[in-house]
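Fold and geometry: a report
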Amino acid sequence: DVKVTQSSRYLVKRTGEKVFLECVQDMDHENMFWYRQDPGLGLRLIYFSYDVKMKEKGDIPEGYSVSREKKERFSLILESASTNQTSMYLCASSLGWDANTEAFFGQGTRLTVV
Amino acid sequence: QQQVKQSPQSLIVQKGGISIINCAYENTAFDYFPWYQQFPGKGPALLIAIRPDVSEKKEGRFTISFNKSAKQFSLHIMDSQPGDSATYFCAASWPGGTSYGKLTFGQGTILTVHP
């Protein structure tokens, strides 16, 4: 059974903290993504990676960075957390460069910044 | 700029009824249109998808209708069941090469099916 695992279901962090969200996939997928989910806005792409050490900005990269040192692991970093980054964060992975492949999502991390 | 617009934001249907969710897109380069289903506490999961070379795709009670000229596509859930209660997202992506499987999502529709 394919699996994308996010390290935390719930996180509460203080304003200004550096926050790490971790994601691991066991499907040997090339592509990994970080999305942010907010009510009424759907899922918005923050960053994605199509290979180890490769990364590309998505639609809303400001205030975030990513790291992909190993194929199976993709980390999202909030350099200095702010209250407007309170949200549900979803990691996903997919196979290859073909757009028409299924994206597999993790269960999400609900981050609250206070 | 929201390139995929989804409506309605929420939908209440009686058991056995038909649920219809609509999406419209702007980018004519999109050529893959999946629908994802998300239950509370879970990540989205692929439900059904269509390419623009067909006007309709059916899988069980779920049907995608696609209108290329109008740049619209919709999800129909026949004989809706309480177990279908979830959030539904339409999405779109463009051809391979520089796409890398990136999806542009609609705003989501919360479907509630009453028993």
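Just so we're clear, the structure is a prediction, and the values are computed from it rather than from any experiment.

Details of the state of the cysteines
One pass over the structure, following the stated rule, counts two disulfides over all chains. Covalently, cysteine 23 of chain A is tied to cysteine 91 of chain A through a disulfide, its sulfur atoms 1.9 Å apart. Handedness of the cysteine 23 of chain A-cysteine 91 of chain A disulfide follows from its S-S torsion of about -75 degrees: it is left-handed. Note that cysteine 23 of chain A is positioned in strand β3 (residues 19-25) and cysteine 91 of chain A in strand β9 (residues 87-94), a separation of 68 residues in sequence. Just as cysteine 23 of chain A is buried, cysteine 91 of chain A falls in that class too. One disulfide bridge connects cysteine 23 of chain B with cysteine 90 of chain B, the sulfur atoms lying 1.9 Å from each other.

Structural notes on unusual backbone geometry
Most peptide bonds take the trans configuration, and most residues that are not glycine carry a negative phi. All names here are of chain B. Of note, the amide linkage connecting serine 7 to proline 8 takes the cis form, showing an omega dihedral of -5 degrees. Even without a glycine there, the phi angle at lysine 71 is positive, about 55 degrees. When you line up the elements, lysine 71 lands in the loop between β7 (62-67) and β8 (72-77). Accessibility expressed as a relative area gives 28% for lysine 71, which makes it partly exposed. We note that aspartate 79 has phi near 45 degrees; this positive angle belongs to a residue other than glycine.

Brief notes about the environment of asparagine 84 of chain A
Here asparagine 84 of chain A is to be found in the loop between β8 (73-78) and β9. Placed 18 residues apart in sequence, asparagine 84 of chain A and glutamate 102 of chain A show a C-alpha to C-alpha distance of 30 Å.

Remarks on the interface of chain A and chain B
With 24 residues of chain A in contact, the opposing surface of chain B contributes 26 residues. Between chain A and chain B the total buried area reaches about 2,000 Å² when both faces are included, carbon and sulfur atoms providing 58% of it. Linking chain A to chain B there are zero salt bridges. Sorting the residues of the side of chain A that touches chain B by element identifies β4 (31-38), β5 (42-51) and β9 of chain A as the ones contributing at least two each. Ranked by residue count, the leading element in the side of chain A that touches chain B is β5 of chain A, at five residues. Of the residues contributing to the side of chain A that touches chain B, the split by class is twelve nonpolar, nine polar and three charged.

Brief notes about the nonpolar core
Counting residues in hydrophobic clusters, the biggest one holds 24 residues, and the most contacted among them are Phe33, Trp35, Phe73, Leu75 and Tyr88 of chain B. For this core, the secondary structure elements donating two or more residues are β2 (10-14), β3 (19-25), β4 (33-38), β5 (45-50), β7, β8, β9 (86-92) and β11 (109-114) of chain B. Looking at this core, the element that brings in the most residues is β9 of chain B, giving four residues. If sequence neighbours within four positions are ignored, phenylalanine 73 of chain B has contacts with Ile21, Asn22, Cys23, Tyr25, Phe33, Trp35, Ser65, Phe66, Cys90 and Ala91 of chain B. Counting residues in hydrophobic clusters, the runner-up holds 21 residues, among them Leu11, Leu21, Ile60 and Leu76 of chain A.

Reading guide: rules and limits
Residues numbered from 1 in each chain as written. Chains lettered and ligands numbered in written order. Predicted model: local features only at pLDDT ≥ 70, side-chain atom pairs only at ≥ 80, totals over all residues. Heavy atoms only, no water. Disulfide = S-S within 2.5 Å. Helix = DSSP H or I, 4+ residues; strand = E, 2+ residues; numbered from the N terminus. Buried < 20%, exposed > 50% of the residue type's maximum accessible area, 1.4 Å probe, protein only. Contact = heavy atoms within 4.5 Å. Buried area = accessible area lost by both parts, 1.4 Å probe. Salt bridge = Lys/Arg side-chain N within 4 Å of Asp/Glu carboxyl O. Nonpolar A, V, L, I, M, F, W, Y, C, P; charged D, E, K, R; others polar. Core = buried A, V, L, I, M, F, W, Y, C linked by side-chain atoms within 4.5 Å.

These figures come from the coordinates and say nothing about function on their own.
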